[in-house]
Amino acid sequence: AREPLMRLHETLPEAFYVYTMGIGEGYAFFVLDTAQDEEFAHRRNLRASAYMEHYVQREQYMDDWLERLAAGETYVTPGFQQDDYGMFLSGHAPVFDSYGVVSGFVGVDFDLDYYLAQDARFRRIEKASAAAALLLSLLLGFLYARRDYAHRVELDHHYHSSMQDPLTGLPNRRGAMAAIKERWGGSEQSHAVLLVDIDNFKQINDSAGHQVGDAVLRALAAALTASVRPGDITARLGGDEFLIFARSCDRAGAEHIAQRLLAAVRMVQAPVPFTVSVGCSITRGAGGSFDQQYRQADEALYRAKNGGRDCFAVHGAA
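First things first, this report covers the structure right here in the doc. This structure is a prediction, so every number in the text was calculated from the model and none was measured.

### Points about the overall build of the protein chain
When you go through the protein chain residue by residue, the secondary structure sums to 11 helices and 12 strands. In the protein chain, which comprises 318 residues, the share counted as buried stands at 46%. Sequence separation of 24 or more characterises 64% of the internal contacts of the protein chain that already satisfy a separation of 6 or more.

### Describing the side chain of Asn 205
By secondary structure assignment, the location of Asn 205 is in helix H8 (residues 201–208). Residue classification places Asn 205 among the buried residues on the basis of a relative accessible area of 13%. Setting aside anything within four residues of it in sequence, one finds Asn 205 in contact with His 210 and Gly 213.

### Regarding the side chain of Arg 236
Its place among the elements puts Arg 236 in strand E9 (residues 233–238). Arg 236 sits in the buried class, given a relative accessible area of 14%. In terms of polar contacts, Arg 236 uses its side chain to reach the side chain of Asp 165, at 3.2 Å. From its side chain, Arg 236 meets the backbone oxygen of Gly 239 in a polar contact 2.9 Å long. Setting aside anything within four residues of it in sequence, one finds Arg 236 in contact with Asp 165, Leu 167, Thr 168, Leu 170, Pro 171, Asn 172, Arg 173, Leu 217, Glu 241 and Phe 242.

### Some thoughts on the sheet that holds strand E8 (residues 190–198)
Strand order in the open sheet made by the 5 strands is E9-E10-E8-E11-E12, with mixed pairing throughout. At either end of the open sheet lies a strand with only one pairing partner, and these are E9 and strand E12 (312–314). The mean angle between the axes of side-by-side strands here comes to 20°, regardless of whether they run parallel or antiparallel. Bridging between E8 and strand E11 (residues 276–284) involves 9 bridges; their strand directions are antiparallel. What sits directly across from His 191, in E11, is Thr 283. In the packing of helix H11 (residues 290–306) onto the sheet, the strands contacted are E8, E9, strand E10 (241–246), E11 and E12, and the crossing angle to E11 comes to about 145°.

### Here we look at the pattern of salt bridges
One pass over the full model with this rule turns up 13 salt bridges. Across the pair Arg 229 and Asp 232 runs a salt bridge, and its minimum N-O distance is 2.9 Å. Note that Asp 310 is salt-bridged to Arg 266, the shortest N-O span being 3.2 Å. Of the two residues, Asp 310 sits in the loop between H11 and E12 while Arg 266 sits in helix H10 (residues 251–267), which places them 44 residues apart along the sequence. Asp 310 gets classed as partly exposed once you look at its relative accessible area, which sits at 26%.

The rules we used
- Residues numbered from 1 in each chain as written.
- Predicted model: local features only at pLDDT ≥ 70, side-chain atom pairs only at ≥ 80, totals over all residues.
- Heavy atoms only, no water.
- Helix = DSSP H or I, 4+ residues; strand = E, 2+ residues; numbered from the N terminus.
- Buried < 20%, exposed > 50% of the residue type's maximum accessible area, 1.4 Å probe, protein only.
- Contact = heavy atoms within 4.5 Å.
- Polar contact = N/O pair within 3.5 Å; in protein donor to acceptor, adjacent residues only side chain to side chain.
- Pairing = 2+ DSSP bridges.
- Axes fitted to C-alpha atoms, helices over the stretch in contact; angles between N-to-C directions.
- Salt bridge = Lys/Arg side-chain N within 4 Å of Asp/Glu carboxyl O.

Encoded structure:
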C-alpha cells in the first residue's frame, strides 16, 4: 500500500509529506505515511506517525475540514500553515469504500521553502500549489483506494456494526441517538417519541424458540418502516423495545402513526401472531430534552401495557 505513495513522493520535490488517515468520532488518526520508510524518512528529515496516532490540529488553524472530508468533499487548506517542520500547504481527498462511504482520506503537504526558492511572488505560488494539491491528492486517493480495499471494507463493517442492529437492519440505540441529536431542537414545531414493545415477547421465545422470536422482531421492524413518514427515525433500542422519532409531529400525527403501526402488526406475516403496545410523548423542539421525552413515552407505554396491550397511550392524556 505504501509503494504508490513512495513513488509519487520521490518524484515530486515539492511534496514534503504524503500520508493517509482514517476518521474516527470527530478526530483523525494516521494509518500510513511515506515517513515509515526509514531510509526515505532519514533522507527527507521526516518523522513517521504511528498507526492509529491521533492528529491534533493547532488551534489557530481549526475549521470544519474534517467534517467536510467526512461528507465526501475534497479539502485544501486556505493558506500556508506552520508547524515544527516549517511552512506548508495541505491538500486532502476522501477515500470511499465499495459502499460509497468515506472511510478516511489521503493527504499531501507541500513545502513552502521549495516554492520560495523558485519564485518570490508568493500569491502566484499559493494558487499554483493549491491546484497541484487538489490534483495530486485526487490521484493519490484513487491509487490508495485500489490498494487498500480490504482495509476500508473492514473499517466500514465496524462502523456500520456500531450503528446498526444486525438482526433487523434498523439503527441501534447508538445510531438512533446520533441521528436524533442532529434533528433535536431548533424548531418551535412539536415532535414525538413513540416507544414500541412486543406484548408477551418472553412467552413467544419460551414457547416457540428464539428463532421464531427473531422472525417476530424482523416482522415488527418491517411494520415500523411501513408505518412512519419519510424522514422519521426508527430504531431497535434492544431486546423487543423499538423507537420512532417523528420531527414536526403533533399529538394527532403521533396517534395516527401509532394506529397505523397497530393495524400493520395485526396483519403482518410472521411465524406466530403477535401484538404490540405503544407509548407516545409529544414536546416542543425548542424545549425539554430527549431523555425527559423518552421517560414520558416509557410511562405512557406502561399505561398501554396495563390497559390491556395491543393499544397505545399518550403521555399526559386522561
